[in-house]
Amino acid sequence: MDWKLEGSAWETKSHMLLGQECLLEDIGEDDVSESFQLLQIDMECESQERGSLPTGSVTWCSKNVQRKQKHWEKIVAAKKSKRKQEKERRKANRAENPGIRPQHSKRFLRTLTKERLLEAKHSGPRLCIDLSMTDHMSKKELSRLAGQIRRLYGSNKKADKPFWICLAGFSRDSPLYEECLRMNDGFSSYMLDITEEDCFSLFPLETLVYLTPDSEHALEDVDVNKIYILGGLVDESIQKKVTFQKAREHSVQTARLPIQEYMIRRQNGKNYYSEILAINQGHVPVAHSPSKE
């Protein structure tokens, strides 16, 4: 069966060749050369058309993809135009108001904050948070203290002359440390010192100033050669003179924030005033006190 098919195919091919020979005999040599030239042109055109056809997703895409691509290009162009307009607006605003502080990039601000904190670490001032009184605090009080530490660190970073903060009496396996990790994003990368040592054994006693509301001496300025201590205590039962008695036991100088001298009380219907501040609230007046070099 296969031999018969091959024979018939050979006969068909031979007939085609005979027909082409007869055709060549009927036409002249010039016509033959012209026919071959036309045949060559047709072959070149066909090859060019095949080359222009889509052969993959790189050179060809559907109308839907093309529409999405055009839409995306419009979005990118609009963002570039918006950034350019915002840049020109800021430039014009700085020209009109030369006294306004220029806006810096986040990277620049992070670098500046790091430099200021490292400068405070080497040359002062320093602020020590006494966390040795957290053993008897409830979980709710520990959570509040962890939140105060976060706000203290955040406000200190923004200060023009920040303190270098030390968390003393702070164990990494304590419930407070776990609470700080849970509540404060990036707590493990905070730029501060953490030590289990007590603040009274960590620094010379003559350099310490314990800030307590029960002290008789008002803090009028900040000495960069002193280490100021804030009691890390959240006590809902409001025990009196806890930090003051602790400072007296170690013969450490005490001071209070000048709330009575400089802060004006508003009319309060409940007639209740308190000079006991959270550690992040106590940091603000200290940070804005005049420094004594």
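Right above here is the structure, for reference.
What you see is a predicted model, and the numbers here were worked out from it, not measured in a lab.

1. As for the overall build of the protein chain
Here is step 1: Across its full length, the protein chain holds ten helices and eight strands.
Here is step 2: In the protein chain, buried positions account for 28% of the 293 residues.
Here is step 3: Sequence-distant contacts, at least 24 apart, represent 77% of the contacts inside the protein chain between residues at least 6 apart.
Here is step 4: Accessible surface, the protein chain: about 21900 Å² in total, of which carbon and sulfur atoms supply 53%.

2. Quick look at the pattern of salt bridges
Here is step 1: Evaluated as defined, the whole model comprises six salt bridges.
Here is step 2: When the shortest N-O distance is used, the salt bridge between Arg89 and Glu86 registers 2.4 Å. Of this pair, Arg89 and Glu86 both sit in helix α3 (residues 63–96), three residues apart, roughly one helical turn.
Here is step 3: On the accessibility criterion, Arg89 (46% relative accessible area) is partly exposed.
Here is step 4: For Glu86, a relative accessible area of 29% puts it in the partly exposed group.
Here is step 5: Linked through salt bridges whose partners overlap, the residues forming this network are Glu86, Arg89 and Arg90.

3. Some thoughts on the packing of aromatic side chains
Here is step 1: One pass over the full model with this rule turns up six aromatic pairs.
Here is step 2: Between Phe170 and Tyr177, the aromatic rings sit 5.6 Å apart at their centres with planes inclined by 55°, giving tilted as the arrangement.
Here is step 3: Owing to a relative accessible area of 2%, Phe170 belongs among the buried residues under this scheme.
Here is step 4: Relative to Phe187, the ring of Tyr177 lies with its centre 5.7 Å away and its plane at 70°, an arrangement referred to as edge-to-face. In this pair, Tyr177 is assigned in helix α6 (residues 175–183) and Phe187 in the loop between α6 and β3 (193–194), connecting sequence segments ten residues apart. The same class applies to Tyr177 as to Phe187, namely buried.
Here is step 5: By the ring-pair criterion, three or more aromatic residues cluster together here, those being Tyr153, Phe170, Tyr177, Phe187 and Tyr190.

4. Observations concerning the sheet that holds strand β4 (residues 208–211)
Here is step 1: With respect to topology, six strands assemble into an open sheet ordered β3-β2-β1-β6-β4-β7, the strand pairing being parallel. A single partner strand is all that each edge strand has here, and the edge strands are β3 and β7 (253–255).
Here is step 2: Relative to strand β2 (residues 164–168), strand β1 (residues 126–130) runs parallel, the two sharing five bridges. Within β2, the residue paired with Asp130 across the bridge is Ala168.
Here is step 3: Against the sheet, helix α5 (residues 139–158) touches β1 and β2, its axis set at about 160° to β2.

Parameters at a glance
Residue numbers here run from 1 along each chain, matching the order of that chain's written sequence. The predicted origin of the model limits local features to residues at a pLDDT of at least 70 and limits the giving and counting of side-chain atom pairs to 80 or more, whereas totals for whole chains, interfaces and linings rest on all residues. Only hydrogens and water are set aside when side-chain values are computed; all heavy atoms of the structure are taken into account. Every helix listed is a DSSP run of H or I at least four residues long, and every strand listed is a run of E at least two residues long, numbered separately from the N terminus. Here the term buried applies to any residue with accessible area under 20% of the maximum for its type, exposed to any over 50%, and partly exposed to those in between, with areas from a 1.4 Å probe on protein chains only. Contacts were defined at the residue level, with two residues in contact if any of their heavy atoms lie within 4.5 Å. Under the convention used here, a 1.4 Å probe and the Shrake-Rupley method define accessible areas, while residue burial counts only the protein chains that appear. Salt bridge criterion: a side-chain nitrogen from Lys or Arg within 4 Å of a carboxyl oxygen from Asp or Glu. Two rings from Phe, Tyr or Trp (for Trp, the six-membered ring) form a pair when their centres sit within 6.5 Å of each other. Planes less than 30 degrees apart are called stacked, planes more than 60 degrees apart edge-to-face, and all others tilted. For two strands to count as paired, DSSP must find a minimum of two bridges between them. Lines are fitted to the C-alpha atoms to define the axes, a helix being fitted only along its stretch in contact, and any angle between axes, read from their N-to-C directions, falls within 0 to 180 degrees.

Fair warning: the whole summary comes from geometry, so function is off the table for now.
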